[in-house]
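# Remarks on the overall topology
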Protein chains: 2
Amino acid sequence: MISVLLVGKGNVAAHLYTAFLNAHNINITQISSRNLDIIPKADVTIIAVSDDAIAEVSSKIKNDFVVHTSGSVSMNDLKNNSKKGVFYMLQTFSKDKKVSFSKVPFCLEAKTEKEYKLLKTLAKSIGKKIYSISSEQRTILHVAAVFVNNFTNHLYKIGNDICKENNVPFEILQPLIKETASKIETLSPKKAQTGPAIRNDEKTIKNHLNLLNKNQQQIYKIFTKSIQNGDKL
Amino acid sequence: MISVLLVGKGNVAAHLYTAFLNAHNINITQISSRNLDIIPKADVTIIAVSDDAIAEVSSKIKNDFVVHTSGSVSMNDLKNNSKKGVFYMLQTFSKDKKVSFSKVPFCLEAKTEKEYKLLKTLAKSIGKKIYSISSEQRTILHVAAVFVNNFTNHLYKIGNDICKENNVPFEILQPLIKETASKIETLSPKKAQTGPAIRNDEKTIKNHLNLLNKNQQQIYKIFTKSIQNGDKL
C-alpha cells in the first residue's frame, strides 16, 4: 500500500483524486494548499497547484518525498528539504469531462532509481503509458504542446468564427478535424500536409485572403509562407 | 437504378468508385479525363479532377447532368451545356487510408429541386450526413477547412520538429492532439482555450520563445497576440 497526499483542489487534483480512489494499492488523502500547518504524513506528496505557487507550497511541506505535476516547472524549483520528483500528465484536463487515464502519458522524473520506481508504481496504478522524462525534455514537450494543443484550438476558433460570420454550421468541419488529428498516427505531419499553400495554388490563396479579416489574413499569410518554406527558417 | 459516370483517376475518384461499387442502387463506370471523345451516357456525371481542369473537362461532356467534387470551384464554373451541380465531400482523402463515408459530410448543390434530390439519393447510397450548401457557403467552408486542417497539420509539423530537434518522442503528444480535436464536440473552441497566452503567463511565454527558432517564434508571437485579443481584430 502506498500512501499519497494530494495538495490542491484544481482540475488536475480533482481528476487524480478520483483515479487514485479507485486504485487498489493506493491510500489517498486530499488537502487544500491553503491549509499546510499540520499535514498528514505520506510516502509521496503530490503538489497539484498553479505553476507560480509550487515553490512556496513545497517549501512548507516536511514530508519525505514531494513531487509536482507541472509541465513547465523544473524539478529543482521544488523548495522542500527532502526528496524531489515530477509526476506530469501530458493531457488537457477539463472540469466536466472524464479523463481516460489509460491513454494519458505519464512523464516521470526523480533523482534516484528507487524514487523513480515509486513514481512508476504510482502511475501504473492508474495508467499505462509511462515515460522517463527529464526537466529539460519536459520543457520541450510543454512548448510543443502549446503548438499542437493551444494554437490548434485557436485555429478551431478562427474556423468557427469564419463559419458563424457566414451562417455555415461549424459542425460540418468536425469529421475533418478528427481525421486531421488521426492521420498523423500513421503518417508524418510533413507527409500529411495538403492544401493550397503546399500546392502553391496562388489563385485559391488570393480568393481566400479576400474572405478574411485582418487578423485572419495575417495568420493565413504566415502559415502559407511557413508551409511553403518547408524546413528552411 | 442510377447510372453514374465518374471522370478522373485521383484520390477522391478512387475512393468514390469503391464506395459506389458497393451501393446496391448505383451503376458505376469510371473513365480517365484524358479520354473524353466517346463517353458512356449516365444519369449523373461526376467530374473528380483537379480544380484547374474542371472547366475544360466539363466543356467536353455532352451528358445531361454534370457535377464536380471541388470545395473551391463555383457550380457555374462548369462549362457543360446542360444541368449542373456540386457533389463535394468535406474530408481529407489519402491514397492508402480507408474512408468511412458514413462520417463524411456531403455538401450538395443543384439548380432545381429535382436535380438536388437525385444528388441526395446518390449521397445517401454511400453516406449519411447530407447538407444543402450553396457555392458561396462552400467557399466559406473551404477557407475554414484550410485553418482547421492544413494549418493545424502544420502546427503538428512544428511540434514534431521541436521534439525531433531535442530527442523527445513526438508520440507522447498524440493523446493530447486527439483530445484537443474531441473536446470541441462538446465545448466551443473559445471556451476550450487553455495555455500561457490566455492566462497571460508572461514568464512561461518568455521561456518558450527562448527555445524556438525564428520562424517558430514568429508563429508563437502572432498566436499569443491573437488569443489574447479575443474577438478584437
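In the block above lies the structure referred to throughout.
Structure report, in brief. In this convention, every chain numbers its residues from 1, walking through the sequence in written order. Just so you know, chain letters begin at A and ligand numbers begin at 1, following the order they were written in. Predicted model: local features are reported for residues with pLDDT of at least 70 only, side-chain atom pairs are reported and counted for 80 or more only, and whole-chain, interface and lining totals are derived from all residues. Working from all heavy atoms in the structure, the side-chain values ignore hydrogens and water.

Here the focus is the sheet that holds strand β2 (residues 26–31) of chain A. Residues and elements named next belong to chain A. Two strands pair under a simple rule: DSSP has to find at least two bridges between them. Numbering of helices and strands runs from the N terminus; a helix is a DSSP stretch of H or I covering at least four residues, while a strand is a stretch of E covering at least two. Pairing is mixed across the open sheet formed by seven strands, whose spatial order is β2-β1-β3-β4-β5-β6-β7. What marks the edges here is a single partner per strand, and that holds for β2 and β7 (129–132). This sheet shows a mean twist of 25° between the axes of neighbouring strands, independent of strand direction. Where strand β6 (residues 105–110) meets β7, four bridges bridge the pair, whose relative direction is parallel. If you follow Phe106 over to β7, its bridge partner there is Ile130. Contact between two residues is taken to exist if any of their heavy atoms lie within 4.5 Å; hydrogens are not considered. Only the contacting stretch of a helix is used when fitting its axis, a line to C-alpha atoms as for every element, and angles between N-to-C directions run 0 to 180 degrees. Helix α3 (residues 113–126) contacts β1 (2–7), β2, β3 (44–47), β4 (65–68), β5 (83–89), β6 and β7 of the sheet and is inclined by roughly 160° relative to β6.

Right, let's get into the pattern of salt bridges. Residues and elements named next belong to chain A. When a carboxyl oxygen of Asp or Glu lies within 4 Å of a side-chain nitrogen of Lys or Arg, that pair is called a salt bridge. Inspection of the entire model under this criterion finds twelve salt bridges over all chains. Its salt-bridge partner being Arg199, residue Asp201 comes within 3.2 Å of it at the nearest N-O pair. In this structure Arg199 comes out as partly exposed when scored by relative accessible area, which is 48%. Three labels apply to residues, based on accessible area from a 1.4 Å probe with only protein chains included: buried if under 20% of the type maximum, exposed if over 50%, partly exposed otherwise in between.

Turning to the packing of aromatic side chains, a few remarks are in order. In this analysis, rings of Phe, Tyr and Trp, with Trp reduced to its six-membered ring, are considered paired at centre separations within 6.5 Å, and the interplanar angle assigns stacked below 30 degrees, edge-to-face beyond 60, and tilted for intermediate values. Applying the stated rule across the entire model yields 17 aromatic pairs over all chains. Relative to Tyr220 of chain B, the ring of Phe151 of chain A lies with its centre 5.2 Å away and its plane at 70°, an arrangement referred to as edge-to-face. Of the two residues, Phe151 of chain A sits in helix α4 (residues 135–165) while Tyr220 of chain B sits in helix α9 (residues 214–229), which places them in two different chains. For the pair Phe223 of chain A and Phe223 of chain B, a centre-to-centre distance of 5.6 Å together with 70° between the ring planes defines the contact as edge-to-face. Of this pair, Phe223 of chain A sits in helix α9 (residues 214–229) while Phe223 of chain B sits in helix α9, each in a different chain. By relative accessible area, Phe223 of chain B is classed as buried at 1%.

Here we take up the interface of chain A and chain B. Across the boundary between the two partners, chain A contributes 84 residues, which contact 84 residues of chain B. For the pair chain A and chain B, the summed buried area comes to about 8400 Å², and 68% of that belongs to carbon and sulfur atoms. Put simply, chain A and chain B have two salt bridges between them. Here a polar contact is taken to be a pair of N or O atoms separated by no more than 3.5 Å, where protein atoms must pair a possible hydrogen donor with a possible acceptor and residues adjacent in sequence count only if both atoms sit in side chains. For the pair chain A and chain B, the interface holds 29 residue pairs in polar contact (both at pLDDT 80 or more). Among the elements of the structure, β6, β7, α4, α5 (174–183), α6 (189–192), α8 (202–210) and α9 of chain A are those that each provide at least two residues to the side of chain A that touches chain B. Once two parts are brought into contact, the accessible area they lose, counted with a 1.4 Å probe and summed over both, makes up the buried area.

Here the focus is the packing of α4 of chain A against α9 of chain B. Axes are the key here: two packed helices are described by the angle between their axes and the distance separating the axes. It is at 11 Å that the axes of α4 of chain A and α9 of chain B come closest, and there the two elements cross at 45°. Classified by the angle between their axes, α4 of chain A and α9 of chain B sit oblique to one another. The hand of the α4 of chain A/α9 of chain B crossing is left-handed. Taken together, the residues of α9 of chain B that come into contact with α4 of chain A (itself represented by Val143, Val146, Phe147, Asn150, Phe151, His154 and Leu155 of chain A) are Gln216, Ile219, Tyr220, Phe223, Thr224, Ser226 and Ile227 of chain B. When residues are sorted by character, Ala, Val, Leu, Ile, Met, Phe, Trp, Tyr, Cys and Pro go into the nonpolar class, Asp, Glu, Lys and Arg into the charged class, and all the rest, Gly among them, into the polar class. Considered class by class, the residues forming the contact of α4 of chain A with α9 of chain B number nine nonpolar, five polar and no charged. For classification purposes, an angle smaller than 35 degrees is called roughly parallel, one larger than 145 roughly antiparallel, one from 65 to 115 roughly perpendicular, and anything else oblique. Handedness of a helix crossing follows the sense of rotation of the near helix relative to the far helix, less than a right angle counterclockwise being left-handed and clockwise being right-handed.

Remember, this is a structural readout, not a statement about activity or role.
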